[in-house]
Amino acid sequence: MPVESGSSAAARQAKQKRKSHSLSIRRTNSTEQERSGLQREMLEGQDSKLPLSLRSNLLDLFGQIEREFENLYIENMELRREIETLNDRLAAEGQTIDGGDLAKGALKTKASHSTSQLSQKLKTTYKASTSKIVSSFKATTSRAVCQLVREYVGHRDGIWDLSVTRSQPVVLGTASADHTAMLWSIETGKCLLKYMGHQGSVNSIKFHPTEQMALTASGDQTAHIWRYMVQLPTPQPVADISQAPCEDDVDFSDKDEADCDAEGPNDCPSVRTAATTLRSHQGVVIAADWLVGGKQVVTASWDRAANLYDVETSELVHSLTGHDQELTHCCTHPTQRLVVTSSRDTTFRLWDFRDPSIHSVNVFQGHTDTVTSAVFTVGDNVVSGSDDRTVKVWDLKNMRSPIATIRTDSAVNRISVSVNQRIIALPHDNRQVRLFDMSGVRLARLPRSNRQGHRRMVCCSAWCEDNNSCNLFSCGFDRQAIGWNINIAALLQEK
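Just so we're clear, the structure is a prediction, and the values are computed from it rather than from any experiment.

About the criteria used
Residues numbered from 1 in each chain as written. Predicted model: local features only at pLDDT ≥ 70, side-chain atom pairs only at ≥ 80, totals over all residues. Heavy atoms only, no water. UniProt positions renumbered as here; feature names shortened; annotations may be inferred. Helix = DSSP H or I, 4+ residues; strand = E, 2+ residues; numbered from the N terminus. Buried < 20%, exposed > 50% of the residue type's maximum accessible area, 1.4 Å probe, protein only. Pairing = 2+ DSSP bridges. Axes fitted to C-alpha atoms, helices over the stretch in contact; angles between N-to-C directions. Contact = heavy atoms within 4.5 Å. Disulfide = S-S within 2.5 Å.

Q: Sorry, what's going on with the UniProt feature "repeat: WD" (unreviewed entry) in the protein chain here?
A: Sites flagged by UniProt as "repeat: WD" (unreviewed entry) map to residues 152-194, 195-226, 278-319, 320-361 and 364-404. With 0% helix and 53% strand, residues 195-226 has its two end C-alpha atoms placed 8 Å apart.

Rendered as structure tokens:
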């Protein structure tokens, strides 16, 4: 009569255990409906201030978590039994083998190796399952506190930059590679004005602190200051497009871009002449900004220099040189005469014009790739973003090293920091927009799916503190700008 080998017996036992595991899973699934009904009856009998729909959603989520951990517990018990069986079999084989301590040592090594593999498998299973649960829960939470409100469609090429006016009327401005800048009604999404004075890509747009004037920088090697007058239309009811099913990382066909061309605003009034043209650069002007007070502006160029101009006379006041490669961005402090310029040479520089007789400069060397932008906060901080996939927060009083570092999975473009809550909005090359606090803690990721969000690289973000419907804007190379409503109170409470 043939004798069953140890390996075939172990295989038979494993098969029986898998069968029993399958039966236990089926038993678990068969009681889900009864358990769900019982939980819902308990839910209706409880006294809570939460809406019933929200409570039901939370109950479903926690039910999913319970089922996942129940399955993991069963798998854990089976793996433990397999480990014990393996150890018993190896110990039995060790008793029948002659060869002294050497053979025993080899068997111990084999058993240890097998046990280690099973242990690693167990850890991996736990991590993967719990990570999936937590990620789905975070995604649901992010959609609750970050909602897409409106899309601003009309440009015929990618949008590099956007900004919101700091005085009434509050409008949104966008700068595009289609050689135009547009002003939009935030509430209705209607184009109010189109500026067509540049001969090249419009790379940035910033508004005067108090007057109805805009400053744009262009690939035609100039910066323009132009005046605008707009009348806000009557707000229309907001269509709720934030409830679309979320499916991350969905590719889009060229049909989407064709639709954008068809929806362009044809009846939008236009301005074709600048009030002031600033000409001193020998290369593309990539960015420009107003100094505090609005009497001077600073421009940044690919000719490796930043220029300071007098607005009234349009004369060049200072040429700020020192960067080794092309500049990528410039920003001014909201209350002090400070300028920060960033460059492809992996550095950004702080220029101090508070003392008319002394113009000091400090060099920040904390990144390993192009610094795409560096911006001031209301306090004494600078936040810098880079193609090295990091964002760093710096203290102006101690510039030797950053006080916080944010590491991401994609290059970071033109960032912005909210004035009141000091939340950093990071636009990424991978079509995502993420929110962090000043200490580097991630707060949320803006929803992105096949029905909403950006379809191409996100180039810029901008906060708006004075609007109830939209308080964050983003733009990208999918030719659209998006207005978001961020429930900041809920966001900070979840942190």
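Q: Sorry, what's going on with unusual backbone geometry here?
A: Note the cis peptide between Gln 168 and Pro 169, where omega equals -5°. On the secondary structure map, Pro 169 appears in the loop between strand E2 (159-164) and strand E3 (172-176). Positive phi outside glycine occurs at Ser 314, with the angle close to 60°. Residue position: Ser 314 is located in the loop between strand E13 (305-310) and strand E14 (316-321). With relative accessibility at 31%, the residue Ser 314 sits in the partly exposed group.

Q: Honestly, the sheet that holds strand E6 (residues 202-207) in this entry has me stumped. Any pointers?
A: Strands pair in a sheet through their backbones, by hydrogen bonds, and they do so in one of two ways: parallel or antiparallel. Strand order in the open sheet formed by four strands is E6-E7-E8-E10, with antiparallel pairing between adjacent strands. The open sheet terminates on both sides in strands that have one partner only, identified here as E6 and strand E10 (276-278). Sheet twist, expressed as the average angle between the axes of neighbouring strands with direction ignored, equals 20°. By the bridge criterion, five bridges tie strand E7 (residues 213-218) to strand E8 (residues 223-227) in an arrangement that is antiparallel. Counted as the bridge partner of Ala 214 is Trp 226 from E8.

Q: How do you make sense of the side chain of Ser 342 when you look at a structure like this?
A: Mapping Ser 342 onto the fold places it in strand E16 (residues 338-343). Those residues in contact with Ser 342 that lie beyond four places of it in its chain are His 323, Leu 327, Thr 328, His 329, Thr 347, Phe 348, Val 371, Thr 372, Ser 373 and Ala 374.

Q: Whenever I open this one, the state of the cysteines confuses me. Can you help?
A: A complete count under the given rule lists one disulfide for this structure. Across the disulfide, Cys 191 is cross-linked to Cys 268 (sulfur-sulfur distance 2.5 Å). The disulfide joining Cys 191 to Cys 268 has a torsion of about -55° about its S-S bond and is therefore left-handed. Pair noted here: Cys 191 is in strand E5 (residues 191-195) and Cys 268 is in the loop between helix H5 (255-262) and strand E9 (270-271), with a separation of 77 residues, a long-range link. Residue classification places Cys 191 among the buried residues on the basis of a relative accessible area of 6%. Among the residues examined, Cys 268 registers a relative accessible area of 12% and is labelled buried. Here Cys 330 stays free of any disulfide, with the sulfur of Cys 331 as its closest cysteine sulfur at 7.7 Å. In this structure Cys 330 comes out as buried when scored by relative accessible area, which is 2%. No disulfide involves Cys 460; its sulfur sits 4.9 Å from that of Cys 475, the nearest cysteine. Exposure remark for Cys 460: the relative accessible area of 3% places this residue in the buried category.

Q: Sorry if this is basic, but what is going on with the sheet that holds strand E19 (residues 371-376) here?
A: Pairing is antiparallel across the open sheet formed by four strands, whose spatial order is E19-E20-E21-E22. Among the strands making up the open sheet, the edge pair consists of E19 and strand E22 (404-407). Across the sheet, the mean angle from the axis of one strand to that of its neighbour is 15°, orientation sign disregarded. The sheet contact formed by strand E20 (residues 381-386) and strand E21 (residues 390-395) spans five bridges and is antiparallel. Residue pairing for E21: Val 382 is matched across the bridge by Trp 394.

Q: So what exactly am I meant to see when it comes to the environment of Val 153 here?
A: With respect to the helices, strands and loops of the structure, Val 153 is situated in strand E1 (residues 146-153). Using a relative accessible area of 16% as the deciding quantity, one classes Val 153 as buried. It is 6.9 Å that separates the C-alpha atoms of Val 153 and Arg 479, two residues lying 326 residues apart in sequence.

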